[in-house]
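Chains, contacts and geometry: an overview
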Amino acid sequence: MSSALQHIQSLPTWLIGRVASRGRSLVGDAIAAEGLKLMHHAVLAATAEYGPVAQADLGRRLAIDPKDMVGMLNHLQQAGLVLRTPDPADRRKNAVTVTPKGTTVLARCGRLAASANAELLSPLSPDEQRQLMALLTRVHEAPSHPRSSARAESTAPSTH
């Protein structure tokens, strides 16, 4: 018989969370060499993909609080990685664009993140890595079912 702790630590949610934490740590440590944190990297990548983009839209796309977004963009702009200018469509808003230096740093961060992920998955063979990625993608892309509706369906009286 296993203990309650052993049971918890054998759950997929526990294991996935622990592996994700280790992965974030490896990637975070790797991109720190570029003076960035994980969220800086995400903001820089989103700016490169969607830019020029309104600062508020960028925050909404990444689900980042506006005050936090200001701080991240201040950091990225001081490092010369993004530029904020008045949005030509609405001068009350800032449009954010990635600079050439930002594009270069983003590419380096991508290589560093790939290397960190390779380290994370190094205990697995290449075939196991592909299989893990396929399974994680399937779980991630599965439609979510709110617990309340699932519970309601399982406890609803039968009409048959």
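Further up the page is the structure itself.
The paragraphs below set out a description of the structure included in this document. (Residues numbered from 1 in each chain as written. Predicted model: local features only at pLDDT ≥ 70, side-chain atom pairs only at ≥ 80, totals over all residues. Heavy atoms only, no water.)

Regarding the overall build of the protein
- When helices and strands are tallied, the protein shows eight helices and three strands.
- Going from the N terminus to the C terminus, the protein shows its helices and strands as α-α-α-β-α-α-β-β-α-α-α.
- On C-alpha atoms alone, the protein measures out to a radius of gyration of 21 Å, which is more than a quarter above the 15 Å that the 2.2 N^0.38 rule sets for 160 residues.
- The buried share of the protein, taken over its 160 residues, is 24%. (Helix = DSSP H or I, 4+ residues; strand = E, 2+ residues; numbered from the N terminus. Rg over C-alpha atoms; globule rule 2.2 N^0.38 Å. Buried < 20%, exposed > 50% of the residue type's maximum accessible area, 1.4 Å probe, protein only.)

Regarding the pairing of strand S3 (residues 90-98)
- By the bridge criterion, two bridges tie strand S1 (residues 53-54) to S3 in an arrangement that is antiparallel. By the bridge assignment for S3, Val53 is matched with Val96.
- Inspection of the sheet shows strand S2 (residues 82-87) paired to S3 by six bridges, in the antiparallel sense. Paired with Val82 across the strands is Val98, a residue of S3. (Pairing = 2+ DSSP bridges.)

Here's the deal with the packing of helix H2 (residues 12-31) against helix H6 (residues 100-120)
- In contact at an axis separation of 8 Å, H2 and H6 are set at 140 degrees when each is read in the N-to-C sense. Seen along the crossing, H2 lies across H6 with a hand that is right-handed. The residues of H6 that touch H2, namely those facing Val19, Arg22, Gly23, Leu26, Val27, Ala30 and Ile31, are Cys109, Leu112, Ala113, Ala116, Asn117, Glu119 and Leu120. (Axes fitted to C-alpha atoms, helices over the stretch in contact; angles between N-to-C directions. Left-handed = near helix turned anticlockwise from the far one by under 90°. Contact = heavy atoms within 4.5 Å.)

Points about the pattern of salt bridges
- All chains considered together, the criterion is met by four salt bridges.
- Residues Arg108 and Glu34 are paired through a salt bridge, measuring 2.8 Å at the closest nitrogen-oxygen approach. Placement of Arg108 in helix H6 and of Glu34 in the loop between H2 and helix H3 (38-50) is noted, with a sequence separation of 74 residues between them.
- Across the pair Arg92 and Asp90 runs a salt bridge, and its minimum N-O distance is 2.9 Å.
- With relative accessibility at 77%, the residue Arg92 sits in the exposed group.
- In this structure Asp90 comes out as buried when scored by relative accessible area, which is 16%. (Salt bridge = Lys/Arg side-chain N within 4 Å of Asp/Glu carboxyl O.)

Focus on the layout of surface pockets
- When its volume is computed, the largest pocket comes out at roughly 410 Å³.
- If you go around the largest pocket, you meet 16 residues; those closest to its centre are Val19, Leu120, Leu121, Leu132 and Leu136.
- Listing elements by their share of the lining of the largest pocket, those giving two or more residues are H2, H6 and helix H7 (126-141).
- No other element matches H2, which puts eight residues into the lining of the largest pocket.
- Tallied by class, residues from the lining of the largest pocket come to twelve nonpolar, two polar and two charged. (1 Å grid on protein atoms, 1.4 Å probe; cavity = no way out; pocket = protein on both sides within 12 Å on 5 of 7 lines; lining within 4 Å. Points joined across faces, edges and corners; volume = space filled by probe spheres on them. Nonpolar A, V, L, I, M, F, W, Y, C, P; charged D, E, K, R; others polar.)

Overview of helix H4 (residues 55-62)
- Within H4 the residues assigned to the buried category are Gln55, Leu58 and Gly59. Relative to the axis of H4, the buried residues are bounded by an arc of 100 degrees and lie together on one face. Away from the buried face of H4 by more than 90 degrees, exposed residues Arg60 and Arg61 are located.
- Following H4 by one or two positions, Ala63 has its phi on the positive side, about 55 degrees. (Arc of directions from axis to C-beta.)

Points about the nonpolar core
- One finds Leu36, Val43, Leu44, Leu58, Leu73 and Leu76 to be the most contacted residues of the largest nonpolar core, which totals 22 residues.
- Secondary-structure elements contributing two or more residues to this core are H2, H3, helix H5 (66-78) and H6.
- Sort the elements by how many residues they give to this core and H6 lands first, with five residues.
- With residues up to four places along the chain from it excluded, the contact list for Leu44 reads Leu36, Leu76, Leu81, Val82, Val98, Gly102, Val105 and Leu106. (Core = buried A, V, L, I, M, F, W, Y, C linked by side-chain atoms within 4.5 Å.)

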